[in-house]
Every structure is written in structure tokens, then in C-alpha cells.
Amino acid sequence: QVQLVESGGGLVQAGGSLRLSCAASGSIFSISTMGWYRQAPGKQRELVADIGSYGRTNYADSVKGRFTISRDNAKNSVYLQMNSLKPEDTAVYYCNADIVPAWTPKWESYWGQGTQVTVSS
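Residues numbered from 1 in each chain as written. Predicted model: local features only at pLDDT ≥ 70, side-chain atom pairs only at ≥ 80, totals over all residues. Heavy atoms only, no water.

A. Looking closely at the sheet that holds strand β3 (residues 18-26). Within the open sheet, the four strands sit side by side as β1-β3-β8-β7. Their pairing is antiparallel. Single-partner strands in this sheet number two, and they are β1 (2-7) and β7 (67-72). The mean angle between the axes of side-by-side strands here comes to 15°, regardless of whether they run parallel or antiparallel. Judged from the six bridges that link them, β1 and β3 form a sheet pairing that is antiparallel. (Pairing = 2+ DSSP bridges. Helix = DSSP H or I, 4+ residues; strand = E, 2+ residues; numbered from the N terminus. Axes fitted to C-alpha atoms, helices over the stretch in contact; angles between N-to-C directions.)

B. Region of interest: the packing of aromatic side chains. As enumerated under the stated definition, the model contains one aromatic pair in all. Ring centres of Y37 and W111 lie 5.0 Å apart, and the angle between their planes is 65°; on these two criteria the pair is classed as edge-to-face. Placement of the pair is Y37 in strand β4 (residues 28-39) and W111 in strand β10 (residues 108-111), with a sequence separation of 74 residues. Above the ring of Y79, the side-chain terminus of R19 is found at 4.3 Å from the ring centroid. (Phe/Tyr/Trp six-rings, centres within 6.5 Å; stacked < 30°, edge-to-face > 60°. Lys NZ or Arg CZ within 6 Å of the ring centre and 35° of its normal.)

In C-alpha cells form, the structure reads like this:
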């Protein structure tokens, strides 16, 4: 079994910062791209940022210059440092990873349970 567990969400004032963490655990053979998505009420889930296994990053235009994604391959973990937060960043943030489990030779996409980020004005 493979699990993604997120932490670090919360309530912050506009202009503040938060750091999200996500750790993958279980019977894992390999991890490729890891990323963060978010879903605000009444909206579709959208990509915030992702990072390849060698560190290539990709950001949504709305967060460029404010958010930084990083990963620690030794810990099977991905992080999202969020600075200069705005009320429109309020959403449930989900961790995602493309993983080859130990029991099957194919890539599968896994999701965390989500963590709430609320930015007050």
C-alpha cells in the first residue's frame, strides 16, 4: 500500500507564509513527478506546481515568484513554500505523485487527503 500524507496547512493573513509538506510511504519502487494541486470552492482542481525527479520545476502563472516547490528524494517528500499569500490562494491543497509501487511494474498516480489553506484579507 502507498500513502501520501500532507501537513502544514492553516489560517494565515494576506502577505503571510505557509509551508506544506507531503511524504510518500509504503512499498515504493520509484517516484517520478511530485506536485501540488489546489481546489477552491466551486472551482476545478488546478495544478499549482510540480517537480521532476531531477529537480525540473513547473509553476502556475498565478503563483510564480511567490511559491517554491522542492523535494527530498531520500525522504520521498515534496514541499511547497508559499510566500506573499493572497486571499485567492485559499483552497484545499492536494499532494500528487507518480509512483511505481513495489508490487506492479507500472506508474500509478497517488493523491494525498488534502490540507486546507485559508488566507484572510
